[in-house]
Each structure stands twice: as C-alpha cells, then as structure tokens.
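# Structure assessment
Take a look at the letters that make up each chain.
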Amino acid sequence: MTVNRTTKIAAVVAFLAIVFIAVPAAISASGHFDLYYTLTSVALLSIASAGVWLTFYIGRINIGQGAYALTGGYVSAILVMDHGWSFWLTLPVAGLFCAATSVLIGLPILRLRGVYFAMVTLVLTEVARLLALALPITNGAKGIVSIPLPGALSVFGITLIPDFATLQNSRLAFYLLAVTLMVVCFAIMYRLVNSRIGKLCQSLQQNEELASSIGVNIAYLRVIAYAVSSFFGGVSGAIFAAISQSIYPSSFTVTDSVNFMLNCFLGGLGYVFGPMLGTLVLYFGWDLLFQTGQFQLLIYSGLMIVLMLVLPNGLLSLAETTRKKG
Amino acid sequence: MAEMLEVSGITKRFGGLVAVNNVSFSVREKEILSVIGPNGAGKSTLFKLISSFLRPTTGEVRLKGERISGLAPHIAARKGVVRTFQETTIFKNMSVRDNVIIAHHLRSKASLFGFFLGTGTAKADEAAFGQSADEILALLGLSSLAHEIARNLPHGHLRALGIAIGLATNPSILLLDEPFAGMNHEETMRMVEMVRRLRERGLTILLVEHDMPAVMKISDRLVVLNFGQKIAEGTPSEIQANDKVIEAYLGSEDEAIGL
Ligand SMILES: Nc1ncnc2c1ncn2[C@@H]1O[C@H](COP(=O)(O)OP(=O)(O)O)[C@@H](O)[C@H]1O
Ligand SMILES: [Mg+2]
C-alpha cells in the first residue's frame with residue numbers, strides 16, 4: 001500500500017489550505033467567532049494527544065499526559081508573571097522542562113509494562129495536581145491569574161509576531177498559533193514514525209527482549225520517546241495557560257489524561273494522524289451530546305465502547321479498508 | 001584453533017535454587033559447540049548468562065579476553081554475542097524483511113537524530129541494511145517470503161527468521177536455543193545444513209538442542225549439564241560413551257543420546 005508522492009503532497013497542501021485559509025474565512029463569514037476558541041482547543045489537545053500516541057507506539061499506555069500539560073502551563077505562567085519572561089521564550093522552556101522531568105520520572109517507571117505503567121502514570125496526574133496545590137510557587141488553589149497575553153516576538157528588530165494585546169482579534173491569533181504548532185508537531189511525528197526510529201519504536205512495542213538482544217538500547221529509546229511525548233504535553237499546556245490567561249491545579253486533571261488516551265484510541269494507534277482526528281471527533285462529539293443533558297456521559301461512554309468494539313484499530317482504519325476494497 | 005569464548009566458574013542462583021553451578025568451559029573459534037542435558041538442567045539459564053540477559057551470581061564469561069557477562073544485553077550484542085530465543089521470538093507485526101533490516105541496528109553509523117533528519121549517512125545505512133537483509137534472506141531461503149507479515153509464517157520459517165535476525169547483527173558468536181524444536185525430520189536436516197553453512201562463513205556457534213541425532217551430527221564438541229553442573233565435555237563419540245552421561249539420561253529413553 002504505497003500512496004504516491006503527488007497524492008501525499010496534494011493532501012498536505014489541501015490540509016494546510018483548510019486550516020489556514022478556509023476555516024478562518026468560513027468563521028469570519030458566518031460570524032461564529034467562538035469556533036476559534038473551540039478549534040484552538042482541539043489543536044492544542046491534539047498536540048498533547050500526539051505525545052500520548054508516541055508512548056503507545058513504544059508499547060506503553062500513558063494516562064499521565066495531564067501532569068505534563070499542567071506542569072508546562074505553570075512553568076510558562078511562573079516565568080511570565082514572576083520573572084517577566086516573554087511568553088515566546090517560556091514556550092520551548094516549558095516543553096524542555098517537562099521533557100527533563102519526564103526523563104527523571106521515566107527512567108524508573110518505563111521499566112514497568114502494561115497496566116502497571118498505566119496505573120503509575122494515572123497517579124502522576126494526581127501528584128501534579130497535589131503539588132500545584134501545595135507548592136508556594138504555584139500559589140495553591142488560587143492558581144495564577146491575570147497572565148498577560150503573549151507580547152510581540154521580534155528577532156533583530158524585525159517583528160515576527162505582533163503583541164497579542166494590540167490585536168483586534170486575538171482569538172484568530174491564538175488559533176493560528178495553535179494550528180501552526182499542531183502542523184509542526186505532526187510533521188515531526190510523521191517523520192519520526194517513517195524514519196528508522198519508527199521501526200525501532202515498533203520493535204520495542206512488539207518485543208523488548210528481542211530488541212535488546214539485537215543491540216537496541218531499549219532503556220534509552222524509551223526515555224527519548226517519553227521525553228518527546230512530555231515535551232508536546234508541556235507546550236500544549238503552556239499555550240492553554242496563555243489563552244485562558246490563568247492556570248489552576250484543576251486546569252488538567254485525570255479526566256484530561258484519560259481523554260488524551262481516548263483520543264489516540266479513537267483515531268487509531270496505528271496512524272500518526274489518529275490523535276488529531278480522534279481529538280476533533282471526541283471534542284465535538286462531547287459538545288453535541290450536551291443537548292442530551294444528564295444522559296451526556298452515559299451516551300458518550302456507550303458510543304465509545306461500541307466504537308472500540310466495531311473499530312478496534314480506530315477511525316482511520318476505515319479509510320484503509322475502503323482503499324483496499326476500492 | 002584459538003579460544004574464542006571462555007566461561008569460568010559461572011554460577012546462577014534463583015533464591016535457593018542453583019540453576020547453574022560452577023560451570024567452566026571454553027569455545028574455540030569457528031566451532032559448533034552444543035550444550036545438552038535433561039529439562040531444567042540450566043541450559044537456557046547458561047545462555048542467558050553468556051548473553052548478559054542475566055547477571056551471574058559468581059564467575060564470568062570472557063570473549064577474546066574481554067569480560068562480557070554482567071553487562072546489559074545490548075552491550076553484549078555490541079561486543080558480538082547474540083542469542084536467538086528458545087521461543088520463536090520475532091517482531092510479529094513487521095514484514096519478514098523489516099525484521100531483518102531492523103536487526104542491523106548495531107551496524108548503523110548514523111545517530112538517531114541523523115535518521116530523523118535523513119542525512120547522507122543515514123541513507124547510506126538504510127541502503128546497506130536493505131541489501132544485506134536481502135542477502136541474509138536468500139541464504140536462509142526466505143527471499144520469497146520477504147514481504148509477508150512475520151506472524152503469518154509457518155513454524156519452520158519462523159525459526160529461520162529468528163536466525164536471520166541473529167545473523168543481521170553480525171555476531172562473532174551466535175547462541176541458538178533449541179533451533180530444531182517442533183521441526184520435522186526434513187526441516188531439521190535443512191536447518192542442520194544451514195547452521196553448518198553459517199560456520200563456514202566464519203561464525204562460532206553455541207547450540208542448545210534436544211534432538212540428539214541432529215546434535216551428534218552437527219557438533220564438534222558437546223558440554224553436558226545435569227542439575228546445573230557440568231558432568232561431561234568432549235566430542236560426540238566421547239560423550240556417547242561417557243558413563244555419567246548415560247546415567248543422567250537413564251530414566252529417559254536410552255536412544256535419546258543415540259545409544
Ligand atoms: N527466572 C528464573 N527464576 C527462578 N528460577 C528459574 C528462572 N529461570 C530458570 N529457573 C529455574 O532454573 C532451572 C534451569 O532452567 P533452564 O535454564 O530453563 O533449564 P533448561 O533450559 O536446561 O531446560 C529450572 O529449575 C528453572 O525452573
Ligand atoms: Mg531451556
């Protein structure tokens with residue numbers, strides 16, 4: 001099954017045209033400006049989910065991404081508020097801080113497999129929340145509020161990104177920021193998975209003992225994958241804090257961690273773009289079900305179970321079967 | 001012939017159980033040496049010690065004078081000692097060819113980051129791995145199955161794939177744990193032929209095997225374990241005449257050791 005090069009390029013161009021031109025055009029024509037906020041959230045959540053997907057790819061069920069999103073949000077907020085850093089600088093720093101933390105945490109816990117790793121990561125989200133409540137630097141339950149909007153980003157006196165506070169439409173600006181990062185993130189993921197590194201990750205997922213006996217440094221590779229995953233979590237959390245101009249211990253909870261994982265399941269664990277589609281469908285699905293009131297959660301859970309039974313390889317496996325038949 | 005691998009006084013305890021007890025022997029270059037013994041004698045444990053999958057309680061293993069025991073498996077592999085598994089272990093959701101390509105890992109000159117960026121070195125590595133994988137598949141008679149997903153292979157071919165994976169790492173010593181298990185006579189004979197061909201290519205081979213006729217046919221020398229201890233060492237004819245060996249195998253079928 002080789003999709004030829006032109007088809008791939010066409011698909012990428014079409015996708016870019018949709019997210020950068022068609023969606024903003026449609027929103028300003030229809031006046032549904034709140035959609036910007038929704039789609040920005042989807043883009044950011046899909047970045048965090050992409051990280052979770054990468055840990056799945058090395059054979060680990062990760063229910064702890066909320067911890068890194070929360071950490072990233074706090075790192076950015078604290079640097080901006082207490083140290084007067086530019087948001088643009090805090091963005092990579094938040095990601096790197098999470099990556100470094102995840103190396104320290106990952107070294108011991110990545111030895112665990114299956115449900116054991118999953119349980120530990122689940123606890124991690126709760127630990128992050130309790131830390132945020134307890135530490136002086138995070139300001140307890142009151143959180144950090146009134147974070148200024150991202151300022152201008154200039155390199156050598158040339159303004160690359162204007163000050164968000166001066167923009168008439170900062171929602172559009174955040175949308176473009178989130179979508180750009182999403183595109184970059186998924187481009188990185190695509191390249192990772194389609195290079196030899198992807199095969200190495202698969203070798204871990206399928207048989208760690210054998211991988212190690214053919215000379216793969218499995219501990220190292222696991223930690224690298226987990227660090228990249230956590231980097232994505234931190235970056236996405238940092239932008240969330242900037243958009244909502246606040247961060248609280250409850251900004252990312254166990255529910256969010258579980259949702260990141262469900263996004264991956266729903267989109268398909270075998271497809272790089274699975275988490276993107278999964279996030280979109282789950283986010284809008286949940287909103288649509290809002291009409292059903294008290295039955296929202298019940299219907300939602302029921303649908304998820306049915307979907308996983310009918311499509312165990314995720315939504316994107318539909319595309320593959322139709323292509324094979326066609 | 002020069003000494004290649006030296007196992008000296010190696011012991012492995014699991015709690016109260018001494019699985020391998022003060023075993024010493026050496027393997028010469030380009031030799032086929034088989035380790036035999038009743039079930040539970042400690043053969044697989046011995047292999048895991050040699051390939052650094054387990055840390056010895058006491059004793060050590062040296063490859064060309066350099067200690068290789070008590071390290072990590074991927075480091076032992078890097079130093080040239082590679083073990084294929086007793087259970088048919090492969091990357092079951094990859095194609096046969098990808099299984100062999102990925103196993104070239106130790107030969108890569110490019111770094112992980114180089115592979116991410118697709119540098120010239122990385123591309124050269126990929127091309128070399130692909131070519132070498134095709135050669136190995138041809139050697140083991142797997143060429144026609146190269147694009148099959150590994151889990152769909154019939155049993156005998158799985159075993160061959162396991163060996164192909166081992167070969168791809170370019171080892172100086174290959175440890176084969178029961179490569180003939182579950183094979184019929186014809187498959188076994190083909191495999192015996194293949195193992196011989198590997199030796200002709202300069203490989204030293206350590207073998208654990210239950211199929212006595214095959215072992216006697218293929219081995220230059222044998223080491224016999226019983227309850228974790230080495231009870232005999234010698235050529236196939238010496239072993240077949242050894243009283244201790246016969247005693248150890250009494251209770252099982254006598255013809256098991258070709259008597
Ligand atoms: N990881 C382990 N923990 C505890 N006991 C073990 C372990 N591995 C092997 N053993 C025991 O060590 C003995 C030798 O096992 P093994 O080396 O697999 O024997 P063989 O391969 O000769 O059949 C057996 O009694 C087995 O139960
Ligand atoms: Mg055994």
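Residues numbered from 1 in each chain as written. Chains lettered and ligands numbered in written order. Predicted model: local features only at pLDDT ≥ 70, side-chain atom pairs only at ≥ 80, totals over all residues. Heavy atoms only, no water.

### Observations concerning the nonpolar core
Counting residues in hydrophobic clusters, the biggest one holds 139 residues, and the most contacted among them are Ile239 of chain A together with Leu161, Ile163 and Leu167 of chain B. Setting aside its immediate chain neighbours within four residues, leucine 161 of chain B contacts Ile90, Val96, Asn99, Val100, Leu142, Ala150 and Leu153 of chain B. Core analysis: the next-biggest nonpolar cluster, separate from the first, contains 25 residues, Val35, Val61, Val81 and Val223 of chain B among them. (Core = buried A, V, L, I, M, F, W, Y, C linked by side-chain atoms within 4.5 Å. Buried < 20%, exposed > 50% of the residue type's maximum accessible area, 1.4 Å probe, protein only. Contact = heavy atoms within 4.5 Å.)

### Some thoughts on the interface of chain A and chain B
Taken together, the contacts link 23 residues of chain A with 30 residues of chain B. Summed over both partners, the interface of chain A with chain B comes to about 2,400 Å²; 66% of that surface belongs to carbon and sulfur atoms. Of all residues in chain A, the largest losses of buried area upon contact with chain B belong to Arg196, Gln206 and Ile214 of chain A, amounting jointly to 33% of the total for that side. At the junction of chain A with chain B, the criterion picks out 1 salt bridge. At the boundary of chain A with chain B, the tally comes to 8 residue pairs in polar contact (both at pLDDT 80 or more). Those elements that place two or more of their residues in the side of chain A that touches chain B are helix H6 (170-194), helix H7 (196-206), helix H8 (208-213) and helix H9 (218-244) of chain A. (Buried area = accessible area lost by both parts, 1.4 Å probe. Salt bridge = Lys/Arg side-chain N within 4 Å of Asp/Glu carboxyl O. Polar contact = N/O pair within 3.5 Å; in protein donor to acceptor, adjacent residues only side chain to side chain. Helix = DSSP H or I, 4+ residues; strand = E, 2+ residues; numbered from the N terminus.)

### Some remarks on the site of ligand 1
Residue and element names in this part refer to chain B. Close to ligand 1 lie Phe14, Leu17, Ala19, Asn39, Gly40, Ala41, Gly42, Lys43, Ser44 and Thr45. One of the backbone nitrogen or oxygen atoms of glycine 40 is found 2.8 Å away from an oxygen atom of ligand 1. Note that an oxygen atom of ligand 1 is positioned 3.2 Å from one of the backbone N or O atoms of alanine 41. Here ligand 1, which alone exposes 560 Å², has 60% of that area covered by the protein. Elements that contribute at least two residues to the shell around ligand 1 include exactly strand S2 (17-28) and helix H1 (43-50). When residues of the shell around ligand 1 are assigned to their parent elements, the largest contribution, 3 residues, is made by H1. Class assignment of the residues belonging to the shell around ligand 1 gives a composition of 4 nonpolar, 5 polar and 1 charged. (Near = heavy atom within 4 Å. Areas by Shrake-Rupley, 256 points an atom, 1.4 Å probe, with all protein chains shown as cover. Nonpolar A, V, L, I, M, F, W, Y, C, P; charged D, E, K, R; others polar.)

### Some remarks on the domain arrangement of chain A
Residue and element names in this part refer to chain A. What the domain assignment reports for chain A is domain 1 (1-32) and domain 2 (33-325). For domain 1 versus domain 2, the separation of C-alpha centres amounts to 23 Å. Opposite the 13 residues of domain 1 that make contact, domain 2 presents 16 residues. Each partner contributes to the roughly 1,200 Å² buried at the junction of domain 1 and domain 2, and carbon and sulfur atoms together form 74% of this total. Summed over the shared surface of domain 1 and domain 2, the number is 0 salt bridges. For the interface between domain 1 and domain 2, the tally reads 5 residue pairs in polar contact (both at pLDDT 80 or more). The residue inventory of the side of domain 1 that touches domain 2, partitioned by class, reads 9 nonpolar, 3 polar and 1 charged. (Domains from an automatic or database assignment.)

### A look at the sheet that holds strand S1 (residues 3-14) of chain B
Sheet strands associate in pairs through backbone hydrogen bonding, adopting either a parallel or an antiparallel arrangement. Residues and elements named next belong to chain B. Spatially, 4 strands are ordered S2-S1-S4-S5 in an open sheet, and the strand pairing comes out antiparallel. Looking at which strands have only one partner, the edges of the open sheet turn out to be S2 and strand S5 (66-67). Judged from the 5 bridges that link them, S1 and strand S4 (residues 58-63) form a sheet pairing that is antiparallel. Bridge assignment links threonine 11 to a residue of S4, and that residue is threonine 58. Helix-sheet contacts for H1 involve S1, S2 and S4, and the interaxial angle to S1 is about 120 degrees. (Pairing = 2+ DSSP bridges. Axes fitted to C-alpha atoms, helices over the stretch in contact; angles between N-to-C directions.)

### Brief notes about the packing of aromatic side chains
Per the counting criterion, the structure on display carries 16 aromatic pairs over all chains. Ring geometry for phenylalanine 186 of chain A and phenylalanine 273 of chain A: centres 6.1 Å apart, planes at 25 degrees, overall stacked. Taken together, the residues phenylalanine 186 of chain A in helix H6 and phenylalanine 273 of chain A in the loop between helix H10 (254-267) and helix H11 (274-288) connect sequence positions 87 residues apart. Residue phenylalanine 186 of chain A is classed as buried on the basis of its relative accessible area of 2%. A connected cluster of aromatic rings, assembled from ring pairs, spans Phe87, Trp88, Phe164 and Phe174 of chain A. If you follow arginine 196 of chain A out to its NZ or CZ, it ends over the ring of phenylalanine 115 of chain B, 5.7 Å from the centre. (Phe/Tyr/Trp six-rings, centres within 6.5 Å; stacked < 30°, edge-to-face > 60°. Lys NZ or Arg CZ within 6 Å of the ring centre and 35° of its normal.)

### Here we look at the packing of helix H2 (residues 34-57) of chain A against H9 of chain A
Residues and elements named next belong to chain A. Interaxial distance between H2 and H9 falls to 7 Å at its minimum, and their mutual angle equals 165 degrees. If you check the angle between H2 and H9, you find them roughly antiparallel. Viewed along their axes, H2 and H9 form a crossing whose handedness is left-handed. In this structure, H2 uses Tyr37, Thr40, Ser41, Leu44, Leu45, Ile47, Ala48, Ala50, Gly51, Val52, Leu54 and Thr55 to contact H9, whose residues at the interface are Ala225, Tyr226, Val228, Ser229, Phe232, Gly233, Ser236, Ile239, Phe240 and Ile243. (Parallel < 35°, antiparallel > 145°, perpendicular 65-115°, else oblique. Left-handed = near helix turned anticlockwise from the far one by under 90°.)

### Notes on the side chain of serine 230 of chain A
Mapped onto the elements, serine 230 of chain A comes out in helix H9. For serine 230 of chain A, a relative accessible area of 0% gives the class buried.

### Some details on empty space enclosed by the protein
A probe matching the size of a water molecule, rolled over the atoms, marks out where space remains unfilled. The full count for this structure, using the stated rule, is 3 cavities of 30 Å³ or more. Considered as a void within the structure, the second largest cavity measures approximately 50 Å³ in volume. Contributing to the lining of the second largest cavity are 11 residues, with Leu210 of chain A together with Arg83, Thr84, Gly162 and Ile165 of chain B lying nearest its centre. Those elements that place two or more of their residues in the lining of the second largest cavity are H8 of chain A together with strand S6 (81-84) and helix H6 (155-168) of chain B. Counted by class, the lining of the second largest cavity contains 5 nonpolar, 5 polar and 1 charged residues. (1 Å grid on protein atoms, 1.4 Å probe; cavity = no way out; pocket = protein on both sides within 12 Å on 5 of 7 lines; lining within 4 Å. Points joined across faces, edges and corners; volume = space filled by probe spheres on them.)

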